[in-house]
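# Coordinate inspection notes
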Amino acid sequence: MEKLTQQEEAAMLAIWKTGKGLVKDFLENHPAPAPPYTTLASTIKNLEKKGYLESRKLGNVYEYTPVIAEVTYKNKFMSGFVKDYFENSYKELVSFFAKEQKISPEELKEIIKMIENSK
């Protein structure tokens, strides 16, 4: 699975949010600022070539369906991110955000509860 560019990730977020649909449907769910229609259409074609989407022709337009689930993509690239930048330690990741004051004590408590409840 190939890492996506920021533009491709933004498009995939809109696609995952929409489910299957047409370019115009994805444009409506695209994070702001939304690109021009033709730019998004080109990005979607690239995503199809990379194997992230499949299409089927409906008259004059194509309907696209995600082939790779959002959770699959996140798992793959978050694991690589943690490995590359945090010595493969999620503890180091959380510690980094705590030191940078990007996560509050309340959020840390919520994370601890989620971990305890998943056992």
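Residues numbered from 1 in each chain as written. Predicted model: local features only at pLDDT ≥ 70, side-chain atom pairs only at ≥ 80, totals over all residues. Heavy atoms only, no water.

### A few points about the pairing of strand E1 (residues 53–58)
As paired strands, E1 and strand E2 (residues 61–66) are joined by 6 bridges and run antiparallel to one another. By the bridge assignment for E2, Lys 57 is matched with Tyr 62. (Pairing = 2+ DSSP bridges. Helix = DSSP H or I, 4+ residues; strand = E, 2+ residues; numbered from the N terminus.)

### Some points on helix H3 (residues 37–49)
Between its first and last C-alpha, H3 extends 19 Å over 13 residues, near the 18 Å set by a 1.5 Å rise per residue. Of the residues making up H3, those classed as buried are Leu 40, Thr 43, Ile 44 and Leu 47. The buried residues of H3 occupy an angular sector of 100° when the element is viewed end-on, so they sit on one face. Across from the buried face of H3, at angles greater than 90 degrees, the exposed residues are Thr 38 and Lys 49. Taken together, the buried residues of H3 touch helix H1 (6–18), helix H2 (23–28), E1 and E2. Where H3 terminates, the next one or two residues include Gly 51, which has phi positive at roughly 90°. (Expected span 1.5 Å × (residues − 1). Buried < 20%, exposed > 50% of the residue type's maximum accessible area, 1.4 Å probe, protein only. Arc of directions from axis to C-beta. Contact = heavy atoms within 4.5 Å.)

### Some details on the pattern of salt bridges
Scanning the model with the defined rule gives 7 salt bridges in all. The closest approach of N and O atoms between Asp 25 and Lys 24, which form a salt bridge, is 3.5 Å. Its salt-bridge partner being Lys 74, residue Glu 70 comes within 3.3 Å of it at the nearest N-O pair. Of this pair, Glu 70 and Lys 74 are both found in helix H4 (residues 70–85), 4 residues apart, which corresponds to roughly one turn of the helix. (Salt bridge = Lys/Arg side-chain N within 4 Å of Asp/Glu carboxyl O.)

### A look at the layout of surface pockets
Its volume calculated, the largest pocket comes out at about 170 Å³. Lining the largest pocket are Lys 3, Glu 9, Tyr 73, Lys 74, Phe 77, Met 78 and Phe 81. Its residues placed into classes, the lining of the largest pocket shows 4 nonpolar, no polar and 3 charged. (1 Å grid on protein atoms, 1.4 Å probe; cavity = no way out; pocket = protein on both sides within 12 Å on 5 of 7 lines; lining within 4 Å. Points joined across faces, edges and corners; volume = space filled by probe spheres on them. Nonpolar A, V, L, I, M, F, W, Y, C, P; charged D, E, K, R; others polar.)

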